[in-house]
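Breakdown of the fold
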Amino acid sequence: GLRELGLRPGGLVALHSSLSSLGWVTGGAHAVVSAFLDVLGPQGTLMAPAFTHCFAPKDGRHRARQGPFDRSHTPSSVGRVSEAIRLWPGACRSFHPIHSASAIGPLASELTSGHESGSDFGPQSPFARLVKRRGLIVLLGVGQFCNSTVHVVEDMLGMPYLAQETALVLGPDGEPVPFTCRNCPSGHRDFYNRQGSKWDTAIQAAGVILHGRIGMARVQVMDAALFARAACEILRATPDLLLCDSPGCLFCSSAKRQLQTLGLRQAATQTAPAPES
């Protein structure tokens, strides 16, 4: 099934997944990861988000549901396959207390190193490097609401509603240390709607997504650079498309006002890689 959807030996794949969507899988998450690695071969690289909830308390609210971030031990909060990749022998994990990624294979270190020195989804993040290298995005049993490369595009375009957030990391003495998350995609988005969204309709119409099925799971596969390029074009035309239209949503209402006032701060200087001929 993976080969029919275009995965090849030596390829680079970012996987967003739901194990339960496949139906019963003998071997569970380990078998899913093994299947991807078998198809990609020893020269291929498999990556997945390993996101966490290590925010610092804010406005009297306790937000650090996982405590301070420990790269070696804080589990991924985005599914069993993601956690299996994090724990895989030889896997590398980027240092970021909220939006880390884990990777297995020859490009793992390159993809994950230096994440802490830039913004959450900026050029030094694993998902921006995926775009630069024209890796594939695979949505296994999940929809576009899980596609983290959308946040790379938000960073590329300089969406003014991207925020600075404070997270906690485990210091060398075992005490929590503040960490500044830059251009953090906190807050609501319409595209998080699992039942469909304006964004899902628009990106599906762009013609950059291949659809298939493996087991009981619906699968979407796309070239990350082509996806990012199409997303940039869509959002330049309709910058608020990722936001919801509910008047009661304080975040999206505020974000729309920021877009009207400030526009896309980096639209003239940053773009997705052009497709190769």
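Rules behind the numbers
- Residues numbered from 1 in each chain as written.
- Predicted model: local features only at pLDDT ≥ 70, side-chain atom pairs only at ≥ 80, totals over all residues.
- Heavy atoms only, no water.
- Buried < 20%, exposed > 50% of the residue type's maximum accessible area, 1.4 Å probe, protein only.
- Helix = DSSP H or I, 4+ residues; strand = E, 2+ residues; numbered from the N terminus.
- Pairing = 2+ DSSP bridges.
- Right-handed = clockwise from strand over helix to strand, strands pointing away.
- 1 Å grid on protein atoms, 1.4 Å probe; cavity = no way out; pocket = protein on both sides within 12 Å on 5 of 7 lines; lining within 4 Å.
- Points joined across faces, edges and corners; volume = space filled by probe spheres on them.
- Nonpolar A, V, L, I, M, F, W, Y, C, P; charged D, E, K, R; others polar.
- Polar contact = N/O pair within 3.5 Å; in protein donor to acceptor, adjacent residues only side chain to side chain.
- Contact = heavy atoms within 4.5 Å.
- Core = buried A, V, L, I, M, F, W, Y, C linked by side-chain atoms within 4.5 Å.
- Disulfide = S-S within 2.5 Å.
- pLDDT = per-residue confidence, 0-100.
- Axes fitted to C-alpha atoms, helices over the stretch in contact; angles between N-to-C directions.
- Parallel < 35°, antiparallel > 145°, perpendicular 65-115°, else oblique.
- Left-handed = near helix turned anticlockwise from the far one by under 90°.
- Phe/Tyr/Trp six-rings, centres within 6.5 Å; stacked < 30°, edge-to-face > 60°.

Moving on: the pairing of strand β2 (residues 45-49). Burial of β2 is extensive: 5 of the 5 residues sit out of reach of the surface. On β2, burial covers both faces: Thr 45, Met 47 and Pro 49 on one face and Leu 46 and Ala 48 on the other are all buried. Bridge count for strand β1 (residues 12-17) against β2 is 3 bridges, and the pairing is parallel. Along β2, the bridge assignment pairs Ala 14 with Met 47. In this region the chain leaves β1, passes through helix α1 (residues 28-40) and returns to the parallel neighbour β2; the handedness of that crossover is right-handed. Bridge count between β2 and strand β4 (residues 101-104): 4 bridges; the pairing is antiparallel. What sits directly across from Ala 48, in β4, is Ser 102.

Over the atoms, a rolled probe matching the size of one water molecule traces out where space is still vacant. Empty space within the largest pocket amounts to approximately 840 Å³. Lining the largest pocket are 34 residues, with Phe 51, His 53, Val 78, Phe 145 and Tyr 192 positioned closest to its centre. For the lining of the largest pocket, the secondary structure elements donating two or more residues are β1, β2 and α2 (80-87). Looking at the lining of the largest pocket residue by residue, the classes come out as 16 nonpolar, 15 polar and 3 charged.

So, about the side chain of Ser 197. Within the element layout of this structure, Ser 197 appears in the loop between β7 (176-184) and α6 (198-205). A polar contact is formed between the side chain of Ser 197 and the backbone nitrogen of Asp 200, at a distance of 3.1 Å. Non-local contacts of Ser 197, meaning those with residues more than four positions away in its chain, are made with Asp 190 and Phe 191.

The strand order across the open sheet built from 7 strands is β3-β4-β2-β1-β5-β9-β8, with neighbouring strands paired in mixed fashion. Edge positions in the sheet fall to β3 (92-93) and β8 (210-214), since each of these pairs with one other strand and no more. Here strand β5 (residues 136-140) pairs with strand β9 (residues 217-223) via 5 bridges, running antiparallel. Residue pairing across strands places Leu 136 opposite Asp 223, the latter belonging to β9.

Our next topic: the nonpolar core. Judged by nonpolar contacts, the single largest core of 50 residues is most densely connected at Phe 127 and Trp 199. In terms of residue count, the dominant contributor to this core is helix α7 (residues 224-237) (9 residues). When residues no more than four places from it in sequence are discounted, the contact partners of Phe 127 are Ala 14, His 16, Met 47, Ala 48, Pro 49, Phe 51, Ala 101, Phe 121, Ser 148, Thr 149 and Val 152. Among the nonpolar cores identified, the runner-up in size contains 27 residues, and Leu 5, Leu 22, Ala 48 and Val 219 belong to it.

Attention now goes to the state of the cysteines. According to the stated counting rule, one finds 0 disulfides in the structure shown. Just so you know, Cys 54 is unpaired, no disulfide at all, and the nearest cysteine sulfur is the one on Cys 181, 9.5 Å from it. Exposure remark for Cys 54: the relative accessible area of 0% places this residue in the buried category.

Considering every residue of the protein chain, the mean pLDDT works out to 93; 93% of them sit at 70 or more. Per-residue pLDDT stays below 50 along residues 267-271; that stretch engages in 7 contacts with residues further than four places along the chain or on separate chains.

It is worth spelling out the packing of helix α5 (residues 149-157) against α7 at this point. Helices that pack against each other are described as a pair by the angle of their axes relative to one another and the distance between those axes. It is at 10 Å that the axes of α5 and α7 come closest, and there the two elements cross at 55°. Between α5 and α7, the angle falls in the class oblique. Between α5 and α7 the crossing geometry is right-handed. Contact residues: Thr 149, Val 150, Val 153, Met 156 and Leu 157 in α5; Phe 227, Ala 228, Ala 231, Cys 232, Leu 235 and Arg 236 in α7. Here the residues of the contact of α5 with α7 sort into 9 nonpolar, 1 polar and 1 charged.

The next thing to look at is the packing of aromatic side chains. The full count for this structure, using the stated rule, is 6 aromatic pairs. Between Phe 51 and Phe 121, the aromatic rings sit 6.2 Å apart at their centres with planes inclined by 90°, giving edge-to-face as the arrangement. With a gap of 70 residues between them, Phe 51 in the loop between β2 and α2 and Phe 121 in the loop between α3 (108-112) and α4 (126-132) connect regions that are remote in the sequence. Relative to Phe 95, the ring of Phe 69 has its centre 5.7 Å away and its plane inclined at 75°; by these criteria the two rings are edge-to-face. Taken together, the residues span a long stretch of sequence, with Phe 69 in the loop between β2 and α2 and Phe 95 in the loop between β3 and β4 at a distance of 26 residues. In textbook terms, an aromatic cluster arises when at least three aromatic residues are bridged by ring pairs, as seen for Phe 51, Phe 121 and Phe 127.

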